[in-house]
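Each chain is listed here by its residues.
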Amino acid sequence: MLLFDIKRYAINDGPGIRVTIFMKGCPLACVWCHNPEGISPRAEKLYTRKKCIGCGACVDVCPTGALTLTEAGIVTDRSLCRTCGRCAEVCPTLAMEMSGREYSIDEVMREIEKETVFMDRSEGGVTFCGGEPLSHPSDLVALLDRCGELGIHRAVDTTLFASPDTVRSVMERTDLFLVDLKHMDSGSHCRFTGVPNERILSNLRMIAEAGIDFLIRIPLIEGVNADEENISRSAIFLASLPWERKVVNLLPYHDIGKGKHDKRGTLYNPGHLPLSTPSEAVLQRCIDQFASCGITALIGG
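Residues numbered from 1 in each chain as written. Predicted model: local features only at pLDDT ≥ 70, side-chain atom pairs only at ≥ 80, totals over all residues. Heavy atoms only, no water.

Caption draft 1: Region of interest: the side chain of arginine 154. Residue position: arginine 154 is located in strand S9 (residues 153-158). Note on arginine 154: relative accessible area 14%, which makes it buried. (Helix = DSSP H or I, 4+ residues; strand = E, 2+ residues; numbered from the N terminus. Buried < 20%, exposed > 50% of the residue type's maximum accessible area, 1.4 Å probe, protein only.)

Caption draft 2: Looking closely at the sheet that holds strand S13 (residues 296-299). With respect to topology, nine strands assemble into an open sheet ordered S7-S1-S2-S8-S9-S10-S11-S12-S13, the strand pairing being mixed. Looking along the sheet, the strands with just one partner apiece sit at the ends: strand S7 (101-102) and S13. Sheet analysis places strand S8 (residues 125-130) next to S9, joined by four bridges and oriented parallel. Paired with phenylalanine 128 across the strands is valine 156, a residue of S9. Sheet strands in contact with helix H11 (residues 280-291) are strand S11 (214-220), strand S12 (247-252) and S13, and its direction is about 165° off that of S12. (Pairing = 2+ DSSP bridges. Contact = heavy atoms within 4.5 Å. Axes fitted to C-alpha atoms, helices over the stretch in contact; angles between N-to-C directions.)

Caption draft 3: Up close: the nonpolar core. Ile21, Ile112, Phe214, Ile216, Leu238 and Phe290 are the most contacted members of the largest nonpolar core, which totals 72 residues. The element contributing the most residues to this core is helix H8 (residues 198-209), with six residues. Apart from residues no more than four positions distant in its own chain, leucine 238 is found in contact with Leu181, Leu204, Ile216, Trp243, Lys246, Val248, Phe290 and Ile295. Grouped together as the second largest cluster of nonpolar side chains are twelve residues, Cys58, Leu67, Ala88 and Ala95 included. (Core = buried A, V, L, I, M, F, W, Y, C linked by side-chain atoms within 4.5 Å.)

Put into structure tokens, the structure is as follows:
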């Protein structure tokens, strides 16, 4: 399987101290995506101009001649680049990096097991994230089974954009789902993420009716989903689910993904869609709207 990060000592990806495994590839392409390097299912090369010292080592080692050293830094001819990673191997300052490395199930488990002492002391566990972990059902199921055999708490951070059969298979092996709910209107959801939302909402209801624990996280963005109508529809929908937790984390918008797009050589929000951080008044109004439906909304998390 292709991973693009393994984060240790994570405290915002489920209860306790956790290891978060980032699986590469996602069927969504959210305009505000915080991990755009996780969207493509293939390995990618990243370049940080301010780290580059212009030594030319990457140019010399490139087998296809795809790299050129200019006054503006290293320029890549992407029609020639094979993303072999040789440039990243020789870069002394890590200006060149590869996003995506192949791991076996055993290799991932060894990384997870290194942290079990911290998990046990904090009642933590492992969280499978992305990208979209449900895009890798066989690998995900194998890892969930192995973690279950060791008594490790298992969380899956997901959009739930997957087949019902995949979700059923995964939920049988998962202790907690962290679900991103982005928009209730399918047309708007498609505009901002590239996919409709009917499958997502249906899968969420299926999880709730099965009695599987889940936590809802809403990236709250002015110009996208922070308006009264969408929050009202979100609150009414969530209140209709057989769900004991009834807690929503509201995540105010920030443009952390912009710098990562720069590294990838891609554009952040190329359509110039209106994205902004909600004001304190908007945050309070959203909290009140959820409360009116019996749901506790917390900022952050």
